[in-house]
Amino acid sequence: MADDAVEMKPTLGLTGLTMNAMALIAPGAFLWLTFYIQATTGVTAASMWIGIVLALLLCLATAVCYAEMAKLYPGTGSSYYFAEQSFLNHEAAWKYARLAKFIVGWASHLYYWIYPGVMVGVMGILCGYLVGTLWPNFMSASNPGPAFMVAVAIVFSFVVAYIAYRGVNGSTSVNIAINVIQISALLVFSVMALSYRVSHKPGSEGWQFDSASGDAYKYEFATTSTMVNGVATDTVVRDANGIPQPKLDASGKPVPYQVTYPAADDSGKMLTHQSAKSVIGIHNFGWAFVQATVAILILVGFESVTAMGGEAKNAKRDVPIAVVTSLLVQGAFCYLIEYFAANYFLNSGYSMASASGSAAPIGDMMVVVGNHLFNGHGRAFMLIEAFTVFLAIIGTTLSCMNTGARVTYAMGKDKEMPDSMGALHSANLTPHRAIWTLALISAVVGSLAVVMAFGDAGAPADTAIQALPHGFWSSFGYTTHDKMAALPNSLLTVTLASNFGTFLLYMLSCVTCLVCYHNHPKFKVVRHLLIPLFGLLANLACMAFYLIGPFMGYGTKMEPLLALGIAAVWGIYGLFFFMRSSKTSGRTTLVQSRAGAA
């Protein structure tokens, strides 16, 4: 049951607020997820690390804006609430308070309602990868079955929604544990990946990963010529269990695999970094922008803590600190280390081309380094690390649902969305109707994300498709390489749609900060003018690159243009919804008095 009169209770301190935001940024989940998405962007993958730096600078500027606004206006609703208060308390702009808060709130839903769907889709991919690793005769680890991933996404969406429905205190306890576990696990992997690269000079004996068996081997693979779709193709010779057989030398002994570091393939797509300097290099500014438009996914979430102002014990003091701290710890520390290690690790035994064709390239890398350091027990190491990723995805999805539901709740309470969205559960004190609505949306979005998760550049070879275990759960939805390559990658499309909503929201939040402190007694040039202006321009540039990049030959074309289409439809529907609700309620677009804006 629900009661509109009940209010949220202030129970969160600085640690709880920071941990909730850190759980949403979740390096454990996103290194595993986004490395694959970034690897499928063609030649731009060489600029992966610097793209993250660009996205990090953008996010830091936006985080400062959120922190500064939270000092003046702590409360529930995040950017939606800030927009209302900033305009309402501005001498010249107060008439636009309702319009401003609706635009910001509606734009935020393009992010908050799609982002959890991306995460439940990722859980489907992770579970498919793990099932394929444990039972390779049932499922391919590299290319899990879409039907199986859809089923996992739907179930996971409602399980996480139930945790969110139960209350924020339980959510915070879960997030604290998850943060400690995932950061520790990913740093262990980073050290191991760096150690592998340093200890394997070009020409030294190393490990070669085999996607079909999901394991790595210290020998060259024997091949034979077979006909695939009428074309003679070299395929790996395997035994009855699918294990690749070694190529033998003149004396009948297996030929050891020798590690090399080729820069690119014949088409110019990046394969490996030949030096540490190459990992952190720009290579091409256009490539860096493409990577930044994807990498924003791994950094968003710092602003989520501002949606919990109503549940903070000391919101004016703790919320601003939590916003910036969460981004610095997860973004400037964890991600930059982990992405450097993963990119530097790449070699001929596991290249960027391998990463673009796998459901979980980080898991594959863990198998390789685990075999090297643990005497062939790489799979066991990967499964342990995968468990921490599993926990991280729970944490980030939970945190995002909590945040998104509270923004929806704030708009429902203001009657800018259906009144039912503005109700709290009388016992749990959670916006339960908004949570269950978001659960349904996330299940749908997550299902769409995994239906063609291996489309476009991630399309598997025909030999890989033919080698899939046959069955509804394992192979339904796979056609041919050419047909799948001609279709957009659904995971990348949904991700870019969410990211476009993020850029739009962050840009509007920077504008809101400019309005908030314009002619304010506490105005500071750097914090309240220069930083918001930089954030505004940086977000605008990344949004523009969705349209400009494809026509300049940077990255893929179908996915960013489809993402723009989704954003356009959402914007048009928002205009229609606003006009209809205004007419129904008899409210005017411009506020007639300051007291009437709330």
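Residues numbered from 1 in each chain as written. Predicted model: local features only at pLDDT ≥ 70, side-chain atom pairs only at ≥ 80, totals over all residues. Heavy atoms only, no water.

## Considering the overall build of the chain
Thinking step 1. For the chain, the helix and strand inventory stands at 21 helices and 4 strands.
Thinking step 2. The globule rule puts the C-alpha radius of gyration for 598 residues at 25 Å, and the 25 Å found for the chain is close to it.
Thinking step 3. Buried positions account for 60% of the 598 residues belonging to the chain.
Thinking step 4. Long-range pairs, those at least 24 residues apart, make up 80% of the contacts in the chain with a sequence separation of at least 6. (Helix = DSSP H or I, 4+ residues; strand = E, 2+ residues; numbered from the N terminus. Rg over C-alpha atoms; globule rule 2.2 N^0.38 Å. Buried < 20%, exposed > 50% of the residue type's maximum accessible area, 1.4 Å probe, protein only. Contact = heavy atoms within 4.5 Å.)

## Quick word on helix 4 (residues 78–88)
Thinking step 1. Here helix 4 lies mainly inside the structure; 10 of its 11 residues are buried.
Thinking step 2. Here helix 4 has its buried residues at Ser-78, Ser-79, Tyr-80, Phe-82, Ala-83, Glu-84, Gln-85, Ser-86, Phe-87 and Leu-88.
Thinking step 3. Taken together, the buried residues of helix 4 touch helix 3 (48–72), helix 5 (97–112), helix 14 (378–413) and helix 19 (490–517).

## Examining the state of the cysteines
Thinking step 1. Considering all chains together, one arrives at 0 disulfides under this definition.
Thinking step 2. Free of any disulfide, Cys-400 has its nearest cysteine sulfur in Cys-59, 14 Å distant.
Thinking step 3. Here Cys-400 falls in the buried class, since its relative accessible area comes to 0%.
Thinking step 4. Looking at the unpaired Cys-513, the closest cysteine sulfur is the one in Cys-65, lying at 4.0 Å. (Disulfide = S-S within 2.5 Å.)

## Some remarks on the pattern of salt bridges
Thinking step 1. Taken as a whole and assessed by the stated rule, the structure comprises 8 salt bridges.
Thinking step 2. When the shortest N-O distance is used, the salt bridge between Asp-318 and Arg-317 registers 2.6 Å.
Thinking step 3. By relative accessible area, Asp-318 is classed as buried at 2%. (Salt bridge = Lys/Arg side-chain N within 4 Å of Asp/Glu carboxyl O.)

## Points about a nonpolar patch on the surface
Thinking step 1. Residues Ile-154, Phe-158, Tyr-162, Trp-436, Leu-440, Val-444 and Leu-448 make up a contiguous nonpolar surface patch of about 650 Å² in total accessible area.
Thinking step 2. At the level of elements, helix 7 (146–166) and helix 15 (432–451) are the ones that each hand at least two residues to the nonpolar patch.
Thinking step 3. Counting residues per element, the nonpolar patch draws most heavily on helix 15, which supplies 4 residues.
Thinking step 4. Mapped onto the elements of the fold, Leu-440 is located in helix 15.
Thinking step 5. Judged by its relative accessible area of 53%, Leu-440 falls in the exposed class. (Patch = residues over 30% accessible without salt bridge, like charges linked within 9 Å, V, L, I, M, F, W, Y side chains within 5 Å. Areas by Shrake-Rupley, 256 points an atom, 1.4 Å probe, with all protein chains shown as cover.)

## Section: the layout of surface pockets
Thinking step 1. Of the pockets and cavities examined, the largest pocket occupies roughly 1,400 Å³.
Thinking step 2. Listed by contribution, the elements that provide at least two residues to the lining of the largest pocket are strand 1 (208–210), strand 2 (215–217), strand 3 (223–228), strand 4 (231–236), helix 12 (352–356) and helix 16 (462–466).
Thinking step 3. Split by residue class, the lining of the largest pocket holds 20 nonpolar, 22 polar and 8 charged. (1 Å grid on protein atoms, 1.4 Å probe; cavity = no way out; pocket = protein on both sides within 12 Å on 5 of 7 lines; lining within 4 Å. Points joined across faces, edges and corners; volume = space filled by probe spheres on them. Nonpolar A, V, L, I, M, F, W, Y, C, P; charged D, E, K, R; others polar.)

## Overview of the environment of Phe-454
Thinking step 1. Following the sequence through the fold, Phe-454 ends up in the loop between helix 15 and helix 16.
Thinking step 2. By relative accessible area, Phe-454 is classed as buried at 4%.
Thinking step 3. Remark: the alpha-carbon pair of Phe-454 and Thr-493, spanning 39 residues in sequence, is separated by 12 Å.
Thinking step 4. Setting aside its immediate chain neighbours within four residues, Phe-454 contacts Tyr-36, Ser-142, Asn-143, Pro-144, Met-149, Ser-358, Ala-359, Ala-459, Pro-460, Tyr-478, Met-484 and Asn-489.

## Here we look at the side chain of Thr-293
Thinking step 1. Within the element layout of this structure, Thr-293 appears in helix 10 (residues 285–299).
Thinking step 2. Those residues in contact with Thr-293 that sit more than four places away from it in its chain are Leu-496, Asn-499, Phe-503, Cys-542, Phe-545 and Tyr-546.

## Description of the environment of Tyr-165
Thinking step 1. Considering the arrangement of structural elements, one finds Tyr-165 in helix 7.
Thinking step 2. With 270 residues separating them along the chain, Tyr-165 and Ile-435 place their C-alpha atoms 6.7 Å apart.

## What to know about the confidence of the model for the chain
Thinking step 1. In this model, the chain carries an average pLDDT of 86, and 92% of its residues clear a pLDDT of 70 or more.
Thinking step 2. Taken element by element, the predicted model of the chain shows its lowest mean pLDDT in strand 3 (73) and its highest in helix 9 (residues 276–280) (95).
Thinking step 3. Low pLDDT (under 50) marks residues 1–5, which in the prediction has 12 contacts with non-local residues, meaning those over four places away or in another chain. (pLDDT = per-residue confidence, 0-100.)

## A look at the packing of aromatic side chains
Thinking step 1. The full count for this structure, using the stated rule, is 34 aromatic pairs.
Thinking step 2. Taken together, a centroid distance of 5.4 Å and an interplanar angle of 25 degrees make the contact between Trp-106 and Phe-577 stacked. Here Trp-106 is found in helix 5, whereas its partner Phe-577 is found in helix 21 (residues 558–585), with 471 residues between them in sequence. In terms of burial, Trp-106 and Phe-577 fall into one category: buried.
Thinking step 3. Note on Tyr-165 and Trp-436: the rings are 5.7 Å apart at their centroids and 45 degrees apart in plane angle, and the pair reads as tilted. Of the two residues, Tyr-165 sits in helix 7 while Trp-436 sits in helix 15, which places them 271 residues apart along the sequence.
Thinking step 4. Grouping aromatic residues by their ring pairs yields a cluster made of Phe-102, Trp-106, Trp-113, Trp-570, Tyr-573, Phe-576, Phe-577 and Phe-578.
Thinking step 5. Between Arg-197 and the ring centre of Tyr-261, over which it is positioned, the NZ or CZ distance is 3.9 Å. (Phe/Tyr/Trp six-rings, centres within 6.5 Å; stacked < 30°, edge-to-face > 60°. Lys NZ or Arg CZ within 6 Å of the ring centre and 35° of its normal.)

## A closer look at empty space enclosed by the protein
Thinking step 1. If you walk through the whole model with that rule in mind, you get 4 cavities of 30 Å³ or more.
Thinking step 2. Within this model, the largest cavity holds a volume of roughly 140 Å³.
Thinking step 3. For the largest cavity, the lining is made up of 14 residues, of which Val-290, Thr-293, Leu-496, Thr-556 and Pro-560 are closest to its centre.
Thinking step 4. Within the residue set of the lining of the largest cavity, elements represented by two or more residues are helix 10, helix 19 and helix 20 (525–551).
Thinking step 5. Considering each element in turn, the lining of the largest cavity owes the most residues, 4 residues, to helix 20.
Thinking step 6. Its volume calculated, the second largest cavity comes out at about 60 Å³.
Thinking step 7. As for the second largest cavity, its lining consists of Trp-32, Leu-33, Tyr-36, Val-122, Ile-125, Leu-126, Ala-359 and Leu-491.
Thinking step 8. Within the residue set of the lining of the second largest cavity, elements represented by two or more residues are helix 2 (27–39) and helix 6 (115–134).
Thinking step 9. When the residues that make up the lining of the second largest cavity are grouped by side-chain class, the tally is 8 nonpolar, no polar and no charged.

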